[in-house]
Amino acid sequence: MTERKPPGMSFETWVDRQIEQARERGAFEGLAGAGKPLAGLDREESGYDWALRWARRENGDHPDAVAGMLPSGLALRRERDLMPGVVPSLPSEAAVRALAEDYDDRVRAFWRRPQEGPPVVPGLADADALVRLWHATRELTPPPASPAPLVEPRRRWWRWRGRR
């Protein structure tokens, strides 16, 4: 569809002309589903059912996909509830505290804004509890083996005496 609609021609007439030209070229021949009815037209579906089906189809089980559809207060609360699952994979205690502090900053910013959606009050993250969880769940790996320290051979006391 590279040509532009000619001036003075209605949009419907122009579209019908484009479809007729494509049909004459055979652009609609051999398409999958040709001659079959559209699926799902026979059932009644509410807007909620459609949104739920769309979310599942678009990877709705992924936490980010669901959080994108939630009001901001509920999304923050959900993020706080999912935090204990993220903590064990963090590399250090400082990273755990940084995660909690970043979350708390966003909650404080949410508190300063006017409420939108249902009245939800997401709480702050408990950084100390998250750190305890990190300590409890992290894998205890032995420190890397260091080479044996070089020990100087002991000199005899009588050899020292003669060198002075």
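**A short note on the side chain of Asp104**
Here Asp104 is to be found in helix H5 (residues 93-112). Although buried, Asp104 forms no salt bridge, and the nearest oppositely charged side chain, Arg108, lies 4.5 Å from it. A distance of 2.7 Å separates the side chain of Asp104 from the backbone nitrogen of Ala125, its partner in a polar contact. Discounting residues that sit within four places of it in the chain, Asp104 has contacts with Leu124 and Ala125.

**Overview of helix H6 (residues 127-137)**
Given 3.6 residues per turn, any residue in an α-helix points the same way as the ones three and four places further on. Ala127, Leu130, Val131 and Trp134 are the residues of H6 that are buried. The buried residues of H6 all sit within an arc of 100° when viewed along its axis, so they share a single face. Residues of H6 that are exposed and angled more than 90 degrees away from the buried face: Arg132 and Ala136. Tucked into the core, H6 has its buried residues touching helix H4 (72-86) and H5.

**So, the pattern of salt bridges**
Under the defined criterion, the tally for this structure stands at 8 salt bridges. Between Glu20 and Arg23 there is a salt bridge, and its shortest N-O distance comes to 3.4 Å. Of this pair, Glu20 and Arg23 both sit in helix H1 (residues 11-25), separated by 3 residues, roughly a single helical turn. Note that Arg80 is salt-bridged to Asp81, the shortest N-O span being 3.7 Å. Among the residues examined, Arg80 registers a relative accessible area of 26% and is labelled partly exposed. One continuous salt-bridge network, built from bridges that share partners, spans Glu79, Asp102 and Arg106.

**Observations regarding the environment of Ala100**
With respect to the element layout, Ala100 can be found in helix H5. Considered as a pair, Ala100 and Ala125 are 25 residues apart in the sequence and their alpha carbons are 5.7 Å apart. Apart from residues no more than four positions distant in its own chain, Ala100 is found in contact with Ala125, Ala127 and Leu130.

**Examining the environment of Phe28**
Here Phe28 lies in the loop between H1 and helix H2 (47-57). On the basis of relative accessibility, which here comes to 41%, the residue Phe28 falls in the partly exposed class. The residues touching Phe28, leaving out its near neighbours within four places in the chain, are Ile19, Ala22 and Arg23.

**Examining the packing of H5 against H6**
Packing of H5 against H6 leaves a shortest axis separation of 9 Å and a crossing angle of 145°. Taken as a pair, H5 and H6 cross one another with a handedness that is right-handed. Here Glu93, Val96, Arg97 and Ala100 of H5 lie close against H6, whose contacting residues are Ala127, Asp128, Leu130, Val131, Trp134 and His135. Looking at side-chain class alone, the contact of H5 with H6 contains 6 nonpolar, 1 polar and 3 charged residues.

Procedures and definitions
- Residue numbering note: each chain is counted from 1, following its sequence as written.
- The model is predicted, so local features are restricted to residues of pLDDT at least 70 and side-chain atom pairs to those at 80 or more, both for listing and for counting; the totals for chains, interfaces and linings are taken over all residues.
- Only hydrogens and water are set aside; all other atoms, that is, all heavy atoms of the structure, feed into the side-chain values.
- Put simply, DSSP marks the helices as runs of H or I at least four residues long and the strands as runs of E at least two long, and each gets a number from the N terminus on.
- Per-residue accessibility, obtained with a 1.4 Å probe over protein chains only, is compared with the maximum for each type, and a residue is labelled buried under 20%, exposed over 50%, and partly exposed between these values.
- For this count, His and the chain ends are skipped, Lys and Arg are scored as positive, and Asp and Glu as negative.
- Here, a salt bridge means any side-chain nitrogen of Lys or Arg that lies within 4 Å of a carboxyl oxygen of Asp or Glu.
- Each polar contact in these results corresponds to two N or O atoms within 3.5 Å; when the atoms are within protein, one needs to be able to donate a hydrogen and the other to accept it, and residues that are neighboring in sequence are counted only if both atoms are side-chain atoms.
- Any pair of residues with heavy atoms lying within 4.5 Å of one another is described as a contacting pair.
- As used here, the arc is the angular range of directions from the helix axis to the C-beta atoms.
- The axes are straight lines fitted to the C-alpha atoms, using for helices just the contacting stretch, and the angles between their N-to-C directions are given from 0 to 180°.
- Definitions for this section: a left-handed crossing has its near helix turned counterclockwise from the far helix by less than a right angle. A right-handed crossing has that turn clockwise.
- Gly counts as polar in this scheme, as do all residues outside two lists: the nonpolar Ala, Val, Leu, Ile, Met, Phe, Trp, Tyr, Cys and Pro, and the charged Asp, Glu, Lys and Arg.

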